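# Residue-level structural notes
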Amino acid sequence: MKEISEERKTAYYVGMILIVIGFLTFGSVFVSGVIHFGDFTNFENQTKSSETRAIIGIVLILVGGIIRGIGARGAAGSGLVLDPKKAREDLEPFARMGGGMIKDALDEADIHLGKGSSEKVIMIKCRNCQKLNEENSKFCQECGKPL
Ligand SMILES: [Zn+2]
């Protein structure tokens, strides 16, 4: 069984946390803007710090998104490393999930792929002409004698 590695899980959660912090930082710009509304004594300083926080917030959201993507799909799976084989490996847990669902659905519908082809067909040899006939046939296909 191939599972998503601990490193990737950690990267996913770290990315999530960065996104949340980014949103909070970005959001705080507007919150403090509302709180200090009408207070123009320190307007210039306030605007500067708001811009800085907005930029930091956006950067945190972007970086968090990238790290979370790597955690979810792996370095190759997220396109960070160009390696198709590794990408398939990284995405394999997801592909298996999908494959498992399809198999369950088929089982549910009582469809068994490949059945029949693996079944053995028993043949009977005609005592008269040696021709092989299917198990359930009563007369020889070749000479017409009863089997
Ligand atoms: Zn025959």
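Below: a short report on this structure. This structure is a prediction, so every number in the text was calculated from the model and none was measured.

Around the zinc ion, the protein supplies Cys 126 (SG), Cys 129 (SG), Cys 140 (SG) and Cys 143 (SG) as donor atoms, at distances of 2.2 to 2.3 Å. Around the zinc ion, the four donor atoms are arranged such that angles at the metal cover 104 to 117 degrees; this shape is classified as tetrahedral. Each donor residue of the zinc ion lies on one chain, and together they are spaced C-x2-C-x10-C-x2-C. In this pair, Cys 129 sits in the loop between strand S1 (123-125) and strand S2 (132-134) while Cys 140 sits in the segment after S2, placing the two residues eleven residues apart along the sequence. Overall, Cys 129 belongs to the partly exposed group, its relative accessible area being 28%. Assessed through its relative accessible area of 5%, Cys 140 is described here as buried.

There is a patch of nonpolar side chains on the surface, built from Tyr 12, Tyr 13, Met 16, Ile 17 and Ile 21 and spanning about 470 Å² of accessible area. The exposure class assigned to Tyr 13 is exposed, which follows from its relative accessible area of 53%.

About the criteria used
- Residue numbers restart at each chain and count upward from 1, following the sequence in its written direction.
- Under the rules for a predicted model, residues below a pLDDT of 70 receive no local features and side-chain atom pairs below 80 are neither given nor counted, while totals for whole chains, interfaces and linings still include all residues.
- Processing note: side-chain calculations cover all non-hydrogen atoms of the structure and skip hydrogens and water entirely.
- Each metal's donors comprise the N, O and S atoms found within 2.8 Å of it (within 3.2 Å for Na, K or Ca). Water is not part of the atom list, so some coordination spheres may appear incomplete.
- Geometry is assigned from the angles between donors: four donors with all angles from 85 to 135 degrees make a tetrahedral site, four or six donors whose opposite pairs exceed 155 degrees while the rest stay between 65 and 115 make square planar or octahedral sites respectively, and everything else is labelled irregular.
- For helices the rule is a DSSP run of H or I covering at least 4 residues; for strands it is a run of E covering at least 2, with both sets numbered from the N terminus onward.
- For each residue, the accessible area found with a 1.4 Å probe, counting protein chains only, is set against the maximum for its type, and the residue is called buried under 20%, exposed over 50%, and partly exposed in between.
- Each patch is built from residues lacking any salt bridge and having more than 30% relative accessible area; the joining distance is 9 Å for like charges and 5 Å for nonpolar side chains (Val, Leu, Ile, Met, Phe, Trp, Tyr).
- The accessible surface values rely on the Shrake-Rupley method and a 1.4 Å probe; as for residues, cover is taken only from the protein chains in view.
- Definition used for salt bridges: Asp or Glu carboxyl oxygen within 4 Å of a side-chain nitrogen of Lys or Arg.

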